[in-house]
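Chain residues, written in single-letter form:
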Amino acid sequence: MADSSMDIVSNYDKQEVANAVNAAAKEVANRYDFKNVGAKVELSGESISMQANSEERVLAVLDVVQTWLVKRKVSLKHLDVPEAGPRLSGKEYKLDVPLKQGISTENAKKINKMIRDEGPKGVKSQIQGDELRVSSKSRDDLQAVQRMLTAADLDVALQYTNYR
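Residues numbered from 1 in each chain as written. Predicted model: local features only at pLDDT ≥ 70, side-chain atom pairs only at ≥ 80, totals over all residues. Heavy atoms only, no water.

The four strands are arranged S6-S7-S1-S8 in an open sheet whose pairing can be described as antiparallel. In this open sheet, the two edge strands, each paired with only one partner strand, are strand S6 (124-128) and strand S8 (159-161). The mean inter-strand angle of the sheet, taken between neighbouring strand axes irrespective of direction, is 25°. Sheet topology note: the strand S1 (residues 4-9)/strand S7 (residues 131-136) ladder contains five bridges and is antiparallel. Bridge pairing links serine 4 to serine 136 in S7. Seen against the sheet, helix H4 (residues 139-151) touches S1, S7 and S8 and runs at an angle of roughly 20° to S1. (Pairing = 2+ DSSP bridges. Helix = DSSP H or I, 4+ residues; strand = E, 2+ residues; numbered from the N terminus. Axes fitted to C-alpha atoms, helices over the stretch in contact; angles between N-to-C directions. Contact = heavy atoms within 4.5 Å.)

Structure below.
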């Protein structure tokens, strides 16, 4: 019998992110506490740009965006929120939050080591660019690896694709 395999990736649905940002922009435009503060949110390429006239309002806009991302089932682990917080640009505070996609080499090595140490015997994993290929004789072992990685608190959002 041939080996079973799956790929572990970290991707987000660009359309869901666009829908969440558009819904957040509508909410920011209509909410009473955002009136007359110049609050805006928009998706620009691979980052979400927010601005308002005070630091607290920008963080409130970020909270609205995060709420809509959760409602659209996009993991917040894809957001790379800067530690420094909003920056002052003229009279406006701005915050650009890049979106992370793909598994970094460091995280891939950590996941690979976790699979080797804690996973079922006979499971092989290899790093292929920004994803991991896991193979085994048994599909049950692959499902055990999925459960183990889902239960682990990793700093990347994982999806499992090409399950064969």
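On to the packing of aromatic side chains, then. Counted according to the given criterion, the structure contains zero aromatic pairs. In this arrangement the basic side chain of lysine 14 is found over the ring face of tyrosine 12, its NZ or CZ atom lying 5.3 Å from the centre. The ring centre of tryptophan 68 lies 4.4 Å from the NZ or CZ of lysine 71, which sits over that ring. (Phe/Tyr/Trp six-rings, centres within 6.5 Å; stacked < 30°, edge-to-face > 60°. Lys NZ or Arg CZ within 6 Å of the ring centre and 35° of its normal.)

Moving on, we come to the packing of helix H3 (residues 105-118) against H4. The N-to-C vectors of H3 and H4 enclose an angle of 120°; their axes lie 11 Å apart at closest approach. Between H3 and H4, the angle is such that the two are oblique. At the point where H3 passes H4, the crossing takes the right-handed sense. Only Val145, Met148 and Leu149 of H4 make contact with H3, whose side of the interface consists of Ile111, Met114, Ile115 and Glu118. (Parallel < 35°, antiparallel > 145°, perpendicular 65-115°, else oblique. Left-handed = near helix turned anticlockwise from the far one by under 90°.)

On to the sheet that holds strand S5 (residues 92-98), then. Pairing in this open sheet of four strands is antiparallel, and the strands run S2-S3-S5-S4 from one edge to the other. At either margin of the open sheet sits one strand with a lone partner, and together these are strand S2 (40-44) and strand S4 (87-89). The mean inter-strand angle of the sheet, taken between neighbouring strand axes irrespective of direction, is 30°. The pairing of S2 with strand S3 (residues 47-52) spans five bridges and is antiparallel. Directly across from leucine 43, in S3, lies its bridge partner isoleucine 48.

This next bit is on the pairing of S7. Of the strand pairs in this sheet, S6 and S7 are connected by five bridges, and their pairing is antiparallel. The partner of isoleucine 127 across the bridge, within S7, is leucine 132. The turn joining S6 and S7, which pair antiparallel and follow one another in sequence, is formed by two residues; a positive phi near 70° is taken by glycine 129.

What follows deals with the domain arrangement of the chain. Split by domain assignment, the chain resolves into domain 1 (4-11 + 102-161) and domain 2 (14-98). Computed from C-alpha atoms alone, the centre-to-centre distance between domain 1 and domain 2 is 32 Å. (Domains from an automatic or database assignment.)

Moving on, we get to the pairing of S1. Of all six residues making up S1, six are buried, and the element is well covered by its neighbours. Residues Ser4, Met6 and Ile8 line one face of S1 and the alternating positions Ser5, Asp7 and Val9 line the opposite face, and both faces are buried. When S1 meets S8, the two strands line up antiparallel, connected through three bridges. Paired with isoleucine 8 across the two strands is tyrosine 160, which belongs to S8. (Buried < 20%, exposed > 50% of the residue type's maximum accessible area, 1.4 Å probe, protein only.)

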